[in-house]
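Understanding the architecture of this molecule
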Amino acid sequence: MKDRSRPWRRRYGLKPLSEKLRAFALLRIAHINRRSLQARVIGITGSSGKSTTASILDHLLKGAGKVHSQIQFNTLLKLPGTINSTPPDTRFLVAEVGVTTIGSMAPMARLLRPDIAVVTKVGLEHYSAFRNRETVSAEKGKLVEVLPENGLAVLNADDPHVMSMRERTRARIVTFGWAEDADYRVMQSHVAYPDPLRVTIRCAQGTYEILTPYPSKDFWLAVTASFATAMELGLDPEMLLERFATLAPLWDRCGILKTGNGPTFIMDTVKAPNESIPAAIATLGAINAPYKRSIIGHIADYAGNPKKPYRIAYELSREVADQVIFVGDNIHRAPATEDERANGTYKGFTTTKEVADYIKETARADELILLKGARNSHLERIGLAWTHEVRCWEQYCGLSMNCLQCGKVEVPFEEHAKMRRKDRRKAWFSRRRRQPQDAAEEQKP
């Protein structure tokens, strides 16, 4: 077998580290580095809205100092690298932390040890792992449990499962939401796209109207949670309003993709738990357009008959869209009638490539298309085909990142492995070239 260990390991006769041992070593180093961090550490969790909250907070806090963030990648595999790569002059560390199974939050909470914990909501987006909201609350509440006495918990006042977490900490509690007793009370959330989402918030410091670029009023939650956290950190509210005005949303979390002479897409392609489907379709319904289509991929985390979530998704889509398209292995679950299939009101395709080709053939410049599906089928390529030369059409590539993060959407899938090997070699040689330079710098008086 070819020895792929690093040169210094071969020189001293050391065996290559196993993946498990390497991960353990990075975790131990991260625990050490966390103790030396001077930054204010903010942990954000919740069944939904945590990525958007983290991205907003990252943008707001950059108006007051250096920010290091972990957004969308929210597991224990990612967190040690985030902590280890935090520059020493960082003022704020913002980390999104999620859970996939019972017991997954505790090690992340012990490692992160946040000064501030933000909890957006408790839902059943991981129904297969948790089964009920009480279990989800118990798991996510472990982030609140590790707060120090001088820490801060920012909790959703409208969610009783979130509010139950206040009994699990002696840290100060700040609440947000529509509830009358919320510290940051939402008075209004209004949107008429393309006009901006307006969220009016009343708090002890005054009443503020926040303008954001989001297409749905449901984004009030992330907007309010991030505003409340930034205010509690002592940031100037006028500066925060200016930062909101320059905010760029996460493009694959209900972001709007305009394609010039082609359709306009609502890109919601990160995940598709059953609980999130109605809100995504409601966003499509709330935006005025002469012609609308709803494209639904794989739906995850539901209870009971597997036909039910697809039936509900189809019926909700039919109320707001002129055409409904299902893609993937579950197209047979669509409850479309023979007439709807015959006249094209419903279409079913096995692969994302087939849908993209069909949209190219039938597109209208005045139409609005919702892309809603789990990351595994990468429905974002249907929209990216209008702005990029998409050449990777592997149906299930196995990567959890979106196609722009992968960076190989314009390269055939068969060539990706070769490119990754080339990138690793280039990075290795780059490190080798830097080593003599770094040594020379250290020897300078």
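Structure report, in brief. (Residues numbered from 1 in each chain as written. Predicted model: local features only at pLDDT ≥ 70, side-chain atom pairs only at ≥ 80, totals over all residues. Heavy atoms only, no water.)

Within helix H15 (residues 352-362), the full set of buried residues consists of Thr352, Val355, Ala356, Tyr358 and Ile359. Along H15, the residues classed as buried sweep out an arc of 165 degrees about the axis, all on the same side. Lining the buried residues of H15 we find strand E11 (264-268), strand E12 (291-296), strand E13 (323-327), strand E14 (346-349), strand E15 (367-372) and helix H16 (380-384). (Buried < 20%, exposed > 50% of the residue type's maximum accessible area, 1.4 Å probe, protein only. Helix = DSSP H or I, 4+ residues; strand = E, 2+ residues; numbered from the N terminus. Arc of directions from axis to C-beta. Contact = heavy atoms within 4.5 Å.)

Here we take up the side chain of Thr120. One can find Thr120 in the loop between strand E4 (116-119) and helix H6 (127-130). Under the relative-accessibility criterion, Thr120 is labelled buried at 0%. Here Ser48 takes part through its backbone oxygen, which lies 2.6 Å from a polar atom of the side chain of Thr120. (Polar contact = N/O pair within 3.5 Å; in protein donor to acceptor, adjacent residues only side chain to side chain.)

In terms of residue burial, strand E1 (residues 40-45) counts as a mostly covered element, since five of its six residues are buried. For E1 and strand E3 (residues 92-96), the ladder comprises five bridges, and the chain directions are parallel. Along E3, the bridge assignment pairs Val41 with Leu93. Sheet topology note: the E1/E4 ladder contains four bridges and is parallel. (Pairing = 2+ DSSP bridges.)

Before going further, it helps to spend a moment on the nonpolar core. Within soluble globular proteins, side chains that are nonpolar generally end up buried alongside one another. In this structure, Ile42, Leu61, Tyr184 and Phe227 are the most contacted members of the largest nonpolar core, which totals 64 residues. The element that contributes the greatest number of residues to this core is helix H10 (residues 220-232), accounting for nine residues. (Core = buried A, V, L, I, M, F, W, Y, C linked by side-chain atoms within 4.5 Å.)

Time to look at empty space enclosed by the protein. This model, assessed by the stated rule, comprises three cavities of 30 Å³ or more. Around the largest cavity sit 13 residues that line it, and Cys392, Cys397, Cys403, Cys406 and His416 are the ones nearest its centre. Broken down by class, the residue content of the lining of the largest cavity amounts to eight nonpolar, three polar and two charged. Volume-wise, the second largest cavity comes out at about 50 Å³. Lining the second largest cavity we find Ile296, Gly297, His298, Tyr310, Phe326, Val327, Gly328, Asp329, Asn330 and Ile331. In terms of residue class, the lining of the second largest cavity is built from five nonpolar, four polar and one charged. (1 Å grid on protein atoms, 1.4 Å probe; cavity = no way out; pocket = protein on both sides within 12 Å on 5 of 7 lines; lining within 4 Å. Points joined across faces, edges and corners; volume = space filled by probe spheres on them. Nonpolar A, V, L, I, M, F, W, Y, C, P; charged D, E, K, R; others polar.)

Tracing the sequence through the fold places Ser55 in helix H3 (residues 50-61). Leave out the neighbours within four places in its chain, and Ser55 touches Ile71, Tyr214 and Leu250.

Quick look at the packing of aromatic side chains now. Within a pair of aromatic rings, the relevant descriptors are the distance that separates the centres and the angle that separates the planes. Taken as a whole, this structure holds nine aromatic pairs when the rule is applied. Here Tyr314 and Phe326 contribute two aromatic rings whose centre-to-centre distance is 6.2 Å and whose plane-to-plane angle is 85 degrees, an arrangement assigned as edge-to-face. Remark: Phe326 occurs in strand E13 and Tyr314 occurs in helix H13 (residues 307-320); sequence separation between them is 12 residues. Comparing Tyr314 with Phe326, the two get one shared label, buried. Through successive ring pairs, a cluster of aromatic residues spans Tyr310, Tyr314, Phe326 and Tyr346. Cation over ring: Lys360 sits above Trp386, and NZ or CZ is 4.1 Å from the ring centre. (Phe/Tyr/Trp six-rings, centres within 6.5 Å; stacked < 30°, edge-to-face > 60°. Lys NZ or Arg CZ within 6 Å of the ring centre and 35° of its normal.)

We now examine helix H12 (residues 277-286). If you check which residues of H12 are buried, you get Ile277, Ala280, Ile281, Thr283 and Leu284. When H12 is viewed along its axis, its buried side chains cluster within an angular range of 145 degrees and face the same direction. The elements touched by buried residues of H12 are strand E10 (253-258), E11, E12, H13 and E15.

When you tally the buried positions in strand E8 (residues 197-203), you get five out of seven residues, the bulk of the element. Two strands pair when backbone bridges link them, and strand E7 (residues 184-190) and E8 are joined in this way by five bridges, in the antiparallel orientation. When the sheet's bridge partners are listed, Arg185 is paired in E8 with Arg202. In sequence, E7 turns back onto E8 through a hairpin of six residues. Pairing of E8 with strand E9 (residues 206-212) involves seven bridges; the strand directions are antiparallel. Considered in E9, the bridge of Arg202 is made with Thr207. Counting the residues between successive antiparallel strands, the hairpin from E8 to E9 contains two residues.

So, about the pattern of salt bridges. As enumerated under the stated definition, the model contains 16 salt bridges in all. Between Lys372 and Asp268 there is a salt bridge; the shortest N-O distance is 3.1 Å. A residue pair is termed long-range when its members are at least 10 positions apart, and Lys372 in strand E15 and Asp268 in strand E11 qualify at 104 residues. Grouping residues by exposure puts Lys372 and Asp268 together as buried. Residue Asp366 is joined to Arg364 by a salt bridge in which the shortest nitrogen-to-oxygen separation is 3.0 Å. (Salt bridge = Lys/Arg side-chain N within 4 Å of Asp/Glu carboxyl O.)

With that settled, the discussion passes to the environment of His59. Residue position: His59 is located in helix H3. In this structure the C-alpha to C-alpha distance between His59 and Arg243, which are 184 residues apart in sequence, comes to 7.1 Å. Residues contacting His59, with those up to four places away along its chain left out, are Arg243, Thr246 and Leu247. Only 2.9 Å separates the side chain of His59 from the side chain of Thr246, close enough to count as a polar contact.

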